[in-house]
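Chain and residue survey
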Amino acid sequence: MTVKITPLGKGVYMSINKFNSCERNNYFFGKLMTVKDFENEQTYFNSKRQLCSNMLHGFGIVSGLKVFLINNQTLSVDAGLAIDQNGREVMLPEACVKKISVIDGFEEYCDEKELYLCIRYKEDLEETTFSVAGSGKGSDIKQEYNRIQEGCQLFFTNQVPDEKSIGLSYLMFEEKVIYDNDGVTLKAVFPKYINPSKLFKMTLIFEKKNVSAPVNFDFELSGEFFKSKEKEDSVKISYRETEISTYKTFKKDYFVYCDAVSDTLTDIEVKKKSFKLEIGNKINKIESDIKHSIVVTEQSLKDVLINQYYSLDLDSAISYKDEACIYLAKINLVSNQSDYFIEAFENNPFDQYLFSTQMLSLFDVLDGESMDLPIDLAELEQEVSDDVSVVSPLVSGIDCVTGIEEITFGFYPKVGKSYFSNEFVHGLGYGQISIVLAVDNPENLATGEEHIFYFGNRAVFDDEDLPITSAKVDVAATVNPEKGTMKIGVQLLEKTEQTSVRVRWWAFKPTNNQLEEDVEILLEDNVKVVASPATAQVEPLGQFRFTAKIEGSSSQEVKWYLPEEGTGSIDNNGLYTAPSKEGVYEVRAQSVKFENKFASVYIVVSAY
């Protein structure tokens, strides 16, 4: 039998006074000791240990505690050790597997799209025994608990921790929100202090929550003393989402060069005129420039950090929290009628790692090896692609995007029934596209089975020794060329206990027809521009519309112009506006693709 108790004894939650441990027992011969004295003995040593852990080591995951997805409703957490913000050891002695519905806090926050799985320190009273002298709580109560078992508790929350509660990075870095709307968040982490004539790093954080459309964005970082690593006047940042998913998070580092030569305070900013973010076909802007002030100092950044940290008062330096916990994973939920499923998750979303002194020593060795290398701005390592899952074109002139749709069966899947995804934007724009579908058989982390896809009829491989565990289905897709969307459907072929199936899709669209262009160039002599009517009459300052077509070519783009000045004007749609002066004037229609091909028509400007 166990009984949960919080907090530890009667003296764990103290102030500096939080970590009050200045009083201990003074022993002497013949001293009569009571419960209070023994509690004071434990409190003294526990508080000292926790204070040292808090102030000298910090907090975070020491080892293990990695979260794995067993299926879309079940998680596994590895055994491991962490130190919380109050200096207490949070230990999970063995791996545990739990359905999300039984984890504390799930019922309270299950309607949220995004949850955090956390772990915190917990104590239980165990081992009942009898008190010889009674419990002190009443003459009829003689049973007490003999042990306090230290342990931990997993729970869900929807609260995002503030930066001061997860480390000391706020002393040297500041996070700026660039865009936060329509389920898309774009943030930049800037340093507060940099050295002159040096490179520094800006980290871009992109988050996409419950958005099925592809996201693309462009903007520039600029400032009086800031340039790109290639010494250009601004740092151009561009992202194209080709691996389309409903939830996505990634971080990318960009390097900026500071050409200031002495101490100064200056701004780096994102100009609103340079910012464009597309969610599907919707274009979004920001209302004002985003500015961040940076101190350019010749002082060593390590010295700056030391000065910042030791300027803190004691209460600020102690990272004590009443509700201390460690964030293990971020989880994205989707609902299916009365049930909930995990669509995506991310381990240790706030990088709460606590490194040992051995690890820190190894970091110094690695830093020393890096410092021996000459630094050449022109030969800095190439930045990785914005999207870690960029799909390269298989054929020149063809665009390709890919993504995964999870199609749920509900609680009672029926053989022969069809199930469908929501209609979603594929990201290749309007027009016809080609689709390739495959059923995703994810890697089984418990057995080590490899990650594979299967295309077409899976029954062909029934006799093969392949680790295919996904539900047996037929798959198909529909494409709406007018909306630039698609929809995936599956038909269940056999009974299954699974509640969903994941379908990987690839969409292809030709960007040009090289063969057709080559033929047109060879047959350019047969290309002819025909404009009509050949002649027309209009009053001074009147208007008349001409039309044109190009025979012998698929390209029908026409450029209208007047070869002589003062003969009126004509727009791109062939609408001619006459001058006030009467006369006969020439109007030309020219092929945009074949510039030497044009046709002339004539307009008579006269009063009737």
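Residues numbered from 1 in each chain as written. Predicted model: local features only at pLDDT ≥ 70, side-chain atom pairs only at ≥ 80, totals over all residues. Heavy atoms only, no water.

A few points about the nonpolar core
Counted only if it meets this: In this description, a nonpolar core means a group of buried Ala, Val, Leu, Ile, Met, Phe, Trp, Tyr and Cys residues linked to one another through side-chain atoms lying within 4.5 Å. The buried label applies to any residue whose accessible area, calculated with a 1.4 Å probe on protein chains only, is under 20% of its type's maximum; exposed applies above 50%, and partly exposed to all values in between. Here, residues are in contact when the closest pair of their heavy atoms is within 4.5 Å.
With 36 residues, the main nonpolar core has Leu 186, Phe 217, Phe 219 and Leu 221 as its most contacted residues. Non-local contacts of Leu 221, meaning those with residues more than four positions away in its chain, are made with Phe 190, Met 202, Ser 234, Val 235, Ile 237, Val 256, Ile 268, Glu 269 and Val 270. Counting residues in each nonpolar core, the second largest holds 29 residues, with Ile 61, Leu 92, Ile 100 and Ile 119 among its members.

Quick look at the confidence of the model for the chain
Here is the rule we go by: The predictor attaches a confidence to each residue, called pLDDT, with possible values from 0 through 100.
Residues at a pLDDT of 70 or more form 83% of the chain, whose mean pLDDT is 79. A low-confidence stretch, residues 1–17 stays under pLDDT 50, and its non-local contacts, those more than four residues away or across chains, total 45 contacts. Below pLDDT 50 for its whole length, residues 444–449 participates in six contacts with residues either more than four positions away or in separate chains.

Points about the state of the cysteines
Quick reminder of the rule: Disulfides are defined as pairs of cysteine sulfur atoms found within 2.5 Å of each other.
Applying the stated criterion across every chain yields a total of zero disulfides. Not engaged in a disulfide, the cysteine Cys 96 finds its nearest cysteine sulfur in Cys 152; these two sulfurs lie 7.5 Å apart. Residue classification places Cys 96 among the buried positions, given a relative accessible area of 16%.

So, the sheet that holds strand S34 (residues 535–538)
In plain terms, the rule: Strand pairing requires that DSSP identify at least two bridges connecting the strands. Secondary structure is summarised from DSSP: a helix means a run of H or I of at least four residues, a strand means a run of E of at least two, and numbering begins at the N terminus for each. Every angle, taken between N-to-C directions, lies between 0 and 180 degrees, and every axis is a line fitted to C-alpha atoms, over only the stretch in contact when it is a helix.
If you walk across this open sheet you meet the four strands as S34-S41-S40-S37, and the pairing is mixed. Taken across any chain shown, the strands that pair with only one partner, and hence form the sheet edges, are S34 and strand S37 (558–561). Sheet twist, expressed as the mean angle between neighbouring strand axes with direction ignored, is 25 degrees. Pairing analysis gives four bridges linking S34 to strand S41 (residues 598–605), with the strands arranged parallel. Counterpart to Val 538 in the pairing with S41 is Val 605.

Regarding a nonpolar patch on the surface
Here is the rule we go by: Nonpolar side chains (Val, Leu, Ile, Met, Phe, Trp, Tyr) within 5 Å and like charges within 9 Å form the patches, drawn only from residues with over 30% relative accessible area and no salt bridge. All accessibility values rest on the Shrake-Rupley procedure with a 1.4 Å probe; residue burial counts only the protein chains present in the view. Definition used for salt bridges: Asp or Glu carboxyl oxygen within 4 Å of a side-chain nitrogen of Lys or Arg.
The grouping of Tyr 353, Phe 355, Met 359, Leu 360 and Phe 363 at the surface amounts to a nonpolar patch, some 450 Å² of accessible area in total. Checked against the element boundaries, Phe 363 lands in helix H5 (residues 357–371).

Digging into the pattern of salt bridges
Under the criterion given, the structure shown has 23 salt bridges. One salt bridge in this structure joins Arg 49 and Glu 89, with 2.8 Å as the shortest N-O distance. Taken together, the residues span a long stretch of sequence, with Arg 49 in helix H1 (residues 35–57) and Glu 89 in strand S6 (residues 89–92) at a distance of 40 residues. The class for Arg 49 is partly exposed, based on a relative accessible area of 31%. As a salt-bridge pair, Asp 182 and Lys 282 come within 3.3 Å of each other at their nearest N and O atoms. Note that Asp 182 is positioned in the loop between strand S10 (173–181) and strand S11 (184–191) and Lys 282 in strand S21 (residues 282–284), a separation of 100 residues in sequence. Here the residues in one salt-bridge network are Glu 175, Lys 187, Glu 207, Lys 330 and Glu 346, joined through shared partners.

So, the packing of aromatic side chains
Filter applied, for reference: Centres within 6.5 Å are what make two rings of Phe, Tyr or Trp a pair, Trp counting through its six-membered ring; a difference in plane orientation under 30 degrees is then read as stacked, over 60 as edge-to-face, and the rest as tilted. Consider the ring centre and the ring normal. A charge sits over the ring if Lys NZ or Arg CZ is within 6 Å of that centre and within 35 degrees of that normal.
According to the stated counting rule, one finds 21 aromatic pairs in the structure shown. Note on Phe 106 and Phe 156: the rings are 6.0 Å apart at their centroids and 55 degrees apart in plane angle, and the pair reads as tilted. Residue Phe 106 is located in helix H2 (residues 106–109), and its partner Phe 156 is located in strand S9 (residues 143–157); the two are separated by 50 residues in the primary sequence. Phe 156 carries the same exposure label as Phe 106, and that label is buried. Ring-pair connections join several aromatic residues into one group, and the members of that group are Tyr 179, Phe 206, Phe 217, Phe 219, Tyr 239, Phe 250 and Phe 275. The positively charged end of Arg 120 is found above the aromatic ring belonging to Phe 155, 3.8 Å away from the centroid.

Structural notes on the sheet that holds strand S2 (residues 60–64)
Overall, antiparallel pairing links the three strands, which are arranged S2-S5-S6 in an open sheet. Looking at which strands have only one partner, the edges of the open sheet turn out to be S2 and S6. Direction aside, the axes of adjacent strands within the sheet are offset by 15 degrees on average. Relative to strand S5 (residues 80–83), S2 runs antiparallel, the two being bridged by four bridges. Across the sheet, the residue bridging to Gly 60 is Ile 83, located in S5.

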